[in-house]
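In case you want the letters, here they are:
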2 protein chains.
Amino acid sequence: MERLKQAIRERGNVLSSEVLKVDTFLNHQVDVELMGAVGEEFARLFKDDGVTKVLTIESSGIAPSFMAATNLNTPLIFARKKKSLTMNENVYVSQVYSFTKRETNDITVSKDFITAEDTVLIIDDFLANGQAALGLIDIVNQAGAKVAGLGIVIEKSFQDGRKRLEEEGYRIESLARIHELEAGRVTFIDELVTNNN
Amino acid sequence: MERLKQAIRERGNVLSSEVLKVDTFLNHQVDVELMGAVGEEFARLFKDDGVTKVLTIESSGIAPSFMAATNLNTPLIFARKKKSLTMNENVYVSQVYSFTKRETNDITVSKDFITAEDTVLIIDDFLANGQAALGLIDIVNQAGAKVAGLGIVIEKSFQDGRKRLEEEGYRIESLARIHELEAGRVTFIDELVTNNN
């Protein structure tokens, strides 16, 4: 998605060879026009897949999922990173390790909202090691529901998340795939292809 | 907002005289169509107030804010409840006590995203004791920016949040104002007025 790649280039901040900060438009300040377009693109990519629920994880997944669920005409569910006092024990639980935050969180989804009849599109802001995606897939599997696929805003293709998910047979649609972060610069996978031509 | 009140009546769950659970359409599963309409209503109410930023707090504030920021043509900023490792120290901080979760959180907003030139619309899912609202106002004040007002999805009018904010001169637009939660039933303020006529 060219507009997204442009935002990453111009408004992203490469902190190291592993860390890209995008809090100018995605996970702190949100460019709602761009995230709306991102959500519409996910909806377009999965429009023929019988999606009945969109599932993401708080907080950064919510904005890019909003227009996806709107255009697919489904509810949006965001997994909680820890249980709140008003959530009872009627939940699916999975564990997710965050390399960025160096902590393990229980993620929970109420059993009321995903059932065996559902076909679930999973959306997340980043795909790196695949921890969050695997946790969300685990929850869909616990519900006996079907995973339509994964919609990822930014994929760090130099980490092994995509490989793990593909090995398990899941479809992944990433709107920006990063080959390398180096010397403050982002190289996308499709730029490599262009260079080879 | 009649559609919102209908959703609260039909899909809300009164857990006690103080606690209304709305995780069927607002803060776990999101009815994106309804939350889109909520956001559009906030945008309509504040369209003439020169809003340059919409500010909310993760996670439940994000969905009802998305279309508000979209229609006001502004960025959306969500305050973080704790600092992440990729956020540096360039932040405004305020403290918010959550009666529901019985814990105090630091909420933080990067200094990059609110400046003295901004006019900020603050949106939140609930107004009860006003703790979160006061924390967000504190952050806008630290930035030297102007508060356009507060857009609240559900106000628990039997708690003192509105009174505190009005005493400080802030404009509050609540789309559903609850007079009482009792015996599993919700009574809205404007139903009382109707009964008196």
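Computed from a predicted structure; not experimentally measured.

Novice: Would you take a moment to explain helix H3 (residues 62-72) of chain A for this structure?
Specialist: Helical geometry note: an α-helix holds 3.6 residues per turn, so side chains three or four residues apart project in the same direction. Residues and elements named next belong to chain A. Burial runs high along H3: 9 of the 11 residues are buried. Residues of H3 that are buried: Ile-62, Ala-63, Pro-64, Ser-65, Phe-66, Met-67, Ala-68, Ala-69 and Leu-72. In the stretch just after H3, Asn-73 is the one whose phi turns positive, near 60°.

Novice: Can you walk me through the interface of chain A and chain B in this structure?
Specialist: Accessible area lost on assembly of the parts is the figure often given for the size of an interface. Counting from both sides, the interface comprises 44 residues of chain A and, opposite them, 44 residues of chain B. Buried area between chain A and chain B, summed over both chains or domains, comes out near 3500 Å², and the portion from carbon and sulfur atoms is 64%. Area buried by chain A at its contact with chain B is led by His-28, Val-32 and Phe-66 of chain A, which between them contribute 22% of it. The interface formed by chain A and chain B includes 0 salt bridges. Where chain A touches chain B, the interface holds 13 residue pairs in polar contact (both at pLDDT 80 or more). The set of elements that each furnish at least two residues to the side of chain A that touches chain B consists of strand S3 (29-30), helix H2 (32-45), H3, strand S5 (76-79) and strand S7 (103-110) of chain A. Here the side of chain A that touches chain B gets 6 residues from one element, more than from any other, and that element is H3 of chain A. Its residues placed into classes, the side of chain A that touches chain B shows 20 nonpolar, 15 polar and 9 charged. In this sheet, strand S3 (residues 29-30) of chain B lies alongside S5 of chain A in antiparallel orientation, the contact comprising 2 bridges. Bridge pairing links Leu-76 of chain A to Val-30 of chain B in S3 of chain B.

Novice: Looking at this structure, I do not really get the relation of the copies chain A and chain B. What am I missing?
Specialist: Copies of the same chain, two in number, are related to each other by a rotation about an axis and a translation along it. Mapping chain A onto chain B is achieved by rotating through 180° and translating by 0.0 Å along the same axis, at an RMSD of 0.0 Å. On this basis, the relationship between the two copies can be described by a two-fold rotation axis. Identified as the residue of chain A closest to the rotation axis by C-alpha distance is Ser-59 of chain A, at 2.6 Å. Mapped onto chain B, 100% of the interface residues of chain A are again interface residues, and the two copies thus contact each other with one and the same surface.

Cut-offs applied
- Residues numbered from 1 in each chain as written.
- Chains lettered and ligands numbered in written order.
- Predicted model: local features only at pLDDT ≥ 70, side-chain atom pairs only at ≥ 80, totals over all residues.
- Heavy atoms only, no water.
- Buried < 20%, exposed > 50% of the residue type's maximum accessible area, 1.4 Å probe, protein only.
- Helix = DSSP H or I, 4+ residues; strand = E, 2+ residues; numbered from the N terminus.
- Contact = heavy atoms within 4.5 Å.
- Buried area = accessible area lost by both parts, 1.4 Å probe.
- Salt bridge = Lys/Arg side-chain N within 4 Å of Asp/Glu carboxyl O.
- Polar contact = N/O pair within 3.5 Å; in protein donor to acceptor, adjacent residues only side chain to side chain.
- Nonpolar A, V, L, I, M, F, W, Y, C, P; charged D, E, K, R; others polar.
- Pairing = 2+ DSSP bridges.
- Least-squares fit on C-alpha atoms with pLDDT ≥ 70 in both.

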